[in-house]
Amino acid sequence: MELRARTETDEYIYSGHWVGECREGRGHCIWKADGKVYEGHWKGDKPSGKGRMVYAKGAYYIGLFADGKQNGDGVSYFADKSIYRGDHANNKKHGSGCHTLPDGQEYKGYYKDGKKDGQGVFKWPNGEKYEGLWVDGKKHGHGVHDWPDGAKYSGDWKDGKKDGFGEFMYPDGAQYIGEYKAGKEDGVGSFIFKDGTR
């Protein structure tokens, strides 16, 4: 392994360790095309292992890399000031993690290819909360949604909307139990007033 103080090519400026003509070991690299900066471990001429990558517009990632991409546990700091802590695969949120937005919204659960997918909990700063299944970034499957005024829906979802069988509790204590379609009461169901009458 050889340590070189500075190597400049048409593509990058690199300071660090080499094995033959491959960047290997620890090093610092600036890519000329987009200004991206990486500092950390290299393998086979690509970021691999622990490192820090700073992207354009202030976004950056600290964590594990493999084959030049975010792969494994790490923290992503986005340009919109949101923060994701958790598993990554091929530069995307993938696996278990927590994404916190600047306005206080937070999702904690599973991701697939950068989108919410699987079991997860989404919380709003006003106390609203959804806990249940997600598919392709949308509420899909069984889930429970609570609102700050006391309203609550427990049941089936499809493409982000109430769809299938569910129970909705109104703030005044009245209930609807039955079928939904595209977010609306549709099909067989019963409405129960707060005094228990139907």
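Scroll up for the structure.
Throughout, residues of each chain are indexed from 1 in the direction in which the sequence is written. Note on the predicted model: pLDDT of at least 70 is required for a residue's local features to be given, and 80 or more for side-chain atom pairs to be given and counted; whole-chain, interface and lining totals, by contrast, use all residues. With hydrogens and water stripped out, all remaining heavy atoms of the structure feed into the side-chain values.

(A) Highlighting the nonpolar core. Here, nonpolar core means buried Ala, Val, Leu, Ile, Met, Phe, Trp, Tyr and Cys residues that are tied together by side-chain atoms lying within 4.5 Å of each other. A 1.4 Å probe rolled over the protein chains alone gives each residue an accessible area, and that area as a share of the maximum for its type sets the label: buried under 20%, exposed over 50%, partly exposed in between. Of all hydrophobic cores here, the largest spans 12 residues; its members are Y84, Y107, Y111, F122, Y130, W134, A151, Y153, W157, F168, Y176 and Y180. For this core, the secondary-structure elements that each account for two or more residues are β10 (106-112), β12 (129-135), β14 (152-158) and β16 (175-181). Residue contacts for W134: discarding those within four places in its chain leaves Y107, K116, D117, G118, Q119, G120, V121, F122, K139 and H140. Helix and strand assignments follow DSSP, with helices taken as H or I runs no shorter than four residues and strands as E runs no shorter than two, numbered in order from the N terminus. Working rule for contacts: check all heavy atoms of both residues, and any pair within 4.5 Å makes them a contact.

(B) A look at the pairing of strand β2 (residues 12-19). Only when DSSP finds a minimum of two bridges between them are two strands counted as paired. In terms of strand pairing, strand β1 (residues 2-8) meets β2 through 5 bridges, oriented antiparallel. Opposite E2, over in β2, you have W18 as the bridge partner. Hairpin connection of β1 to β2: 3 residues between the antiparallel strands. For β2 and strand β3 (residues 22-31), the ladder comprises 7 bridges, and the chain directions are antiparallel.

(C) Structural context of the pattern of salt bridges. Salt bridges are defined as contacts in which a side-chain nitrogen from Lys or Arg sits within 4 Å of a carboxyl oxygen from Asp or Glu. One pass over the structure, following the stated rule, counts 8 salt bridges. A salt bridge links R4 to E2; the shortest N-O distance between them is 3.4 Å. Of the residues examined, E2 reaches a relative accessible area of 41% and is grouped as partly exposed. Ionic pairing is found between E131 and K129, a salt bridge with its closest N-O pair at 3.9 Å. Look at the salt bridges and you will find they share partners, linking E2, R4 and E21 into a network.

(D) Focus on the packing of aromatic side chains. Stacked, edge-to-face and tilted labels apply to pairs of Phe, Tyr and Trp rings (six-membered ring for Trp) whose centres lie within 6.5 Å, assigned for plane angles under 30 degrees, over 60, and everything in between, in that order. Counted under the stated rule, the structure contains 21 aromatic pairs. With centroids separated by 5.3 Å and ring planes inclined at 90°, the aromatic side chains of Y176 and Y180 adopt a geometry described as edge-to-face. Each member of the pair, Y176 as well as Y180, is classed as buried. Every member of this aromatic cluster is reached through a ring pair, and the members are Y84, Y107, Y111, F122, W124, Y130, W134, Y153, W157, Y176 and Y180. When the NZ atom of lysine or the CZ atom of arginine is within 6 Å of a ring's centre and also within 35 degrees of its normal, the charge is said to sit over that ring. If you follow R4 out to its NZ or CZ, it ends over the ring of W18, 4.4 Å from the centre. Taking NZ or CZ as reference, K162 lies 5.6 Å from the ring centre of Y153, over its face.

(E) A look at the environment of H17. Structurally, H17 can be placed in strand β2. By relative accessible area, which is 25% here, H17 ends up partly exposed. The spacing of H17 and R4 is 13 residues in sequence and 6.2 Å in space, taken between C-alpha atoms. Excluding anything up to four places from it in sequence, H17 contacts M1, E2, L3, C22, R23, E24, G25 and R26.

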